[in-house]
Amino acid sequence: MPYSASAPQSPGTTHPRPRPRWWTELTLLVLVYAAYSLGRLLARGDVSTAVDHGLAILRVEKALLLNAEHPLNRLFTSTPALGIPADFAYASLHYLVTPAVLVWLFRRRPARYRAARTWLMLSTVLGLAGFTLLPTCPPRLLAAGHGFVDTMAQYSSYGWWGDEASAPRGLGAMTNQYAAMPSLHVGWAVWCGVLLWRHARAPLVKWLGAGYPLVITVVVMGTANHYFLDAVAGAAVMGLGALLTRPALRAAERVRAAARTRSGRSPTSADRSPAAVSPPSPAASPVSSSAASSPRAPSRASPRNGPVVSGGCETSAGERFPGQRARTGTTGTTSADDTPATAR
């Protein structure tokens, strides 16, 4: 999968962008999920059309010998030890594991978080488009003659969900039960699995991440909530979202740069001038060149020979500074440069 976990850097930057603020991320995710939930409700199509789509998918699977829903559903229906945990997994794991992986990335892998969050949101929007364009009746809502049993309704006394949907009792009308194609239960599980496999350090966590999408695929078919092709479509939606992640991040970076420019926070023309970027060379500055050629210009201290105490002024042999005393010793008079006279 061509998903790249790190966000692209803006031109001229050498360091990764800082981790986003948690409250802005929480607000963004809540708004996106609220828009997704509202979109699911508004995407309700004609029930007869949704049933026709479901039956068409079932016929294609039978023709391709991919009809695994019937044997799995019979197994979960006849074995409460499998059916009840599967119902709990279907009703809760995508609400628990997906946010947990997001928080883990935010705290432990901040350089990977932006791309992962963008991938998840893009894929969710693509799934919403699928619900709108192809409303599909899940197997559990087909007529009883098609051989499916709604395990969520069969084992509803063990959970918090009602007979009509996996939503809490009394809130079944708040969900779109004909949003089966694609299966975002499987899609989000693929997202979690890829990220855990790529970025977790513990081998056990990696293998749990790899097995999570497979378990969810079995769960959604055994509970009669999705067809096998729904699961395939969910994985395909995540693949398309991965392809669009990097272009989306680049577009968002360009929008942020344009917003900074309009708000006046972009560098000014003086800041962008060569003089502001790098100090002028001595040859390019007439002041510095003249100062360097002037005999009065003090020379810089040499780290090897030490500073020139006289500040650049020298005396000839036998010459003294005004007010300087001549010292005498046993070998003769010494001059101002403390060199013995006999030595000269």
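Residues numbered from 1 in each chain as written. Predicted model: local features only at pLDDT ≥ 70, side-chain atom pairs only at ≥ 80, totals over all residues. Heavy atoms only, no water.

Regarding unusual backbone geometry
Part 1: The step from Met181 to Pro182 runs through a cis peptide bond, and the omega angle for that step is 0 degrees.
Part 2: Positive phi, close to 60 degrees, is recorded for Leu65, a residue that is not glycine.
Part 3: The exposed category is assigned to Leu65, whose relative accessible area is 76%.
Part 4: Unlike most non-glycine residues, Ala224 shows phi in positive territory, near 65 degrees.
Part 5: Structurally, the position occupied by Ala224 is in the loop between helix 8 (203–222) and helix 9 (228–262). (Buried < 20%, exposed > 50% of the residue type's maximum accessible area, 1.4 Å probe, protein only. Helix = DSSP H or I, 4+ residues; strand = E, 2+ residues; numbered from the N terminus.)

A short note on the packing of aromatic side chains
Part 1: Counted according to the given criterion, the structure contains six aromatic pairs.
Part 2: Ring centres of Phe88 and Trp161 lie 5.0 Å apart, and the angle between their planes is 75 degrees; on these two criteria the pair is classed as edge-to-face. Of this pair, Phe88 sits in helix 4 (residues 80–108) while Trp161 sits in the loop between helix 6 (151–154) and helix 7 (184–199), and the two are 73 residues apart along the sequence.
Part 3: Residue Phe88 is classed as partly exposed on the basis of its relative accessible area of 29%.
Part 4: Through pairs of rings, three or more aromatic residues link up here, namely Phe88, Trp160 and Trp161.
Part 5: Just above the ring of Trp197 sits the side chain of Lys206; from NZ or CZ to the centre is 5.7 Å. (Phe/Tyr/Trp six-rings, centres within 6.5 Å; stacked < 30°, edge-to-face > 60°. Lys NZ or Arg CZ within 6 Å of the ring centre and 35° of its normal.)

Some details on the confidence of the model for the protein
Part 1: Summing up the model confidence of the protein, the mean pLDDT is 78 and the portion of residues at 70 or higher is 67%.
Part 2: Note on residues 7–15: pLDDT is under 50 here. Beyond four places in sequence and across chains, it has eleven contacts.
Part 3: Contacts for the low-pLDDT stretch residues 267–304, under 50 throughout, to residues beyond four places or in other chains number nine contacts. (pLDDT = per-residue confidence, 0-100. Contact = heavy atoms within 4.5 Å.)

Here we look at the nonpolar core
Part 1: If you look at the biggest cluster of nonpolar residues, it comprises 37 residues, and the most contacted ones within it are Val101, Leu105, Trp191 and Leu195.
Part 2: Those elements giving two or more residues to this core turn out to be helix 3 (69–78), helix 4, helix 5 (110–133), helix 7, helix 8 and helix 9.
Part 3: Element by element, the count of residues in this core is highest for helix 7, at nine residues.
Part 4: Counting residues in each nonpolar core, the second largest holds eleven residues, with Leu55, Ile57, Leu142 and Ala224 among its members. (Core = buried A, V, L, I, M, F, W, Y, C linked by side-chain atoms within 4.5 Å.)

What about helix 8?
Part 1: With 20 residues, helix 8 should reach 28 Å at 1.5 Å per residue; the first-to-last C-alpha distance of 29 Å fits that figure.
Part 2: Every buried residue of helix 8 is accounted for by Gly209, Tyr212, Pro213, Ile216, Thr217, Val219, Val220, Met221 and Gly222.
Part 3: On its buried face, helix 8 sits against helix 3, helix 4, helix 6, helix 7 and helix 9.
Part 4: A positive backbone phi angle near 65 degrees is found at Ala224, which sits one or two residues after helix 8. (Expected span 1.5 Å × (residues − 1).)

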